[in-house]
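Overview (structure and organization)
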Amino acid sequence: MLKNYKSDKYGSLKLVSKLEELYKIRIQITNNINGFVFKEFGINEPKQGDIIDAESWLGSLMVKEGYAKIMGEEFENEIFNSLNREKLIGPYQLSGIKPDFYIKLKVLLSNGERTETSKIRVYAMDLVTLRMNKIVQLALQGAQYEKLSNLLTPEESILFQEIRESIEYWKTRMLGEL
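Residues numbered from 1 in each chain as written. Predicted model: local features only at pLDDT ≥ 70, side-chain atom pairs only at ≥ 80, totals over all residues. Heavy atoms only, no water.

**Brief notes about the overall build of the protein chain**
To be explicit about the condition: Here a helix means four or more residues in a row that DSSP labels H or I, a strand means two or more in a row labelled E, and each is numbered from the N terminus. The cut-offs for exposure are 20% and 50% of the maximum accessible area for each residue type, with area from a 1.4 Å probe on protein chains only; residues under the lower value are buried, those over the upper are exposed, and the others partly exposed. Only heavy atoms matter for contacts: two residues are in contact if any of them lie within 4.5 Å across the pair. Throughout, the Shrake-Rupley method with a 1.4 Å probe supplies accessible areas, and for residues the shown protein chains are the sole cover considered.
The number of helices and strands found in the protein chain is seven helices and five strands. A total of 178 residues make up the protein chain; the buried ones form 39% of that total. Across the protein chain, the fraction of contacts at a sequence separation of at least 24, relative to all contacts at a separation of at least 6, is 66%. Working note: accessible area of the protein chain is about 10,800 Å², and carbon and sulfur atoms make up 54% of it.

Put into C-alpha cells, the structure is as follows:
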C-alpha cells in the first residue's frame, strides 16, 4: 500500500486515515434495530445478539448510538500475543503484525467500554513503545526499508521513513556530504 513512500508523508497519513473507515470490525448487536438495512454491506435487519462484521465507520456509529458493542476479545489476544512475540525476538528485530493493527486498536479504544479497554490500553502501549524503540534503532543503524517493509504497518512505514530522512538530513547538515 505505502511501499513506494517518498516525501509526501502528509498525503500518506491522510490516505491511511481514510482507509481506516473501510476496514471491517466485528460488532455485536445489543439492541434490535427495526428496519435497519444496509444490503450493500451485507447487513439486513440484525437482531440483538447477532455478531456481524461492518466497516469501521458504520460499526463505530452503531456503537455510539447504543445499538452495538465492539467485539474486542479476539483483538485483545492478538495484542497480548504480539507483545510476547516482540519481547522474545532480539532488540534489533521486528515481528510482523497485521497491517490493520493500529486501525483496529484505534477503533477499539475509541468505542470500547472503559473497563474493557484499560487492560488493552496497557498492553497496546507496551507493544507500541517496544516497536517504536526498535524502529528508531533500526533507522539509526541504517536498515533498508525494503527489508523491513513486510514487517511494518503502513503507519510504522511512515514513521520509519521520516526517521531515516531526518537522520540523513541531520548527518548532511552536521558533517556535509560523505
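**Regarding the packing of aromatic side chains**
Put simply, the rule reads: When two rings of Phe, Tyr or Trp (its six-membered ring) have centres within 6.5 Å they constitute a pair, described as stacked for plane angles under 30 degrees, edge-to-face for angles over 60, and tilted for the intermediate range.
On inspection of all chains with the given rule, the structure shows four aromatic pairs. An angle of 45° between the planes, with centres 5.4 Å apart, marks the rings of Phe75 and Phe101 as tilted. Placement of Phe75 in helix H3 (residues 73-88) and of Phe101 in helix H4 (residues 101-111) is noted, with a sequence separation of 26 residues between them. On the accessibility criterion, Phe101 (0% relative accessible area) is buried.

**Quick word on the pattern of salt bridges**
Put simply, the rule is: Salt bridges are defined by distance alone: a side-chain nitrogen of Lys or Arg within 4 Å of a carboxyl oxygen of Asp or Glu.
Scanning the model with the defined rule gives nine salt bridges in all. Glu78 serves as the salt-bridge partner of Lys98, at 4.0 Å between the closest nitrogen and oxygen. Of the two residues, Lys98 is situated in the loop between H3 and H4 and Glu78 in helix H3; the sequence distance between them amounts to 20 residues. Notably, a salt bridge pairs Glu156 with Arg131, separated by 2.7 Å at the nearest N-O pair. With Glu156 in helix H7 (residues 154-175) and Arg131 in helix H5 (residues 114-140), this pair connects stretches of sequence that are 25 residues apart. Here Glu156 matches Arg131 in class, with each residue buried.

**Some words on the pairing of strand E1 (residues 24-29)**
In plain terms, the rule: Strands qualify as paired when DSSP identifies two bridges or more between them.
Of the two faces of E1, only one is covered, namely that formed by Ile25, Ile27 and Ile29; the face formed by Lys24, Arg26 and Gln28 stays uncovered. Sheet topology note: the E1/strand E5 (residues 68-70) ladder contains three bridges and is antiparallel. Each residue of the ladder has a partner; that of Ile29, found in E5, is Ala68.

So yeah, pure geometry; function would need other evidence.
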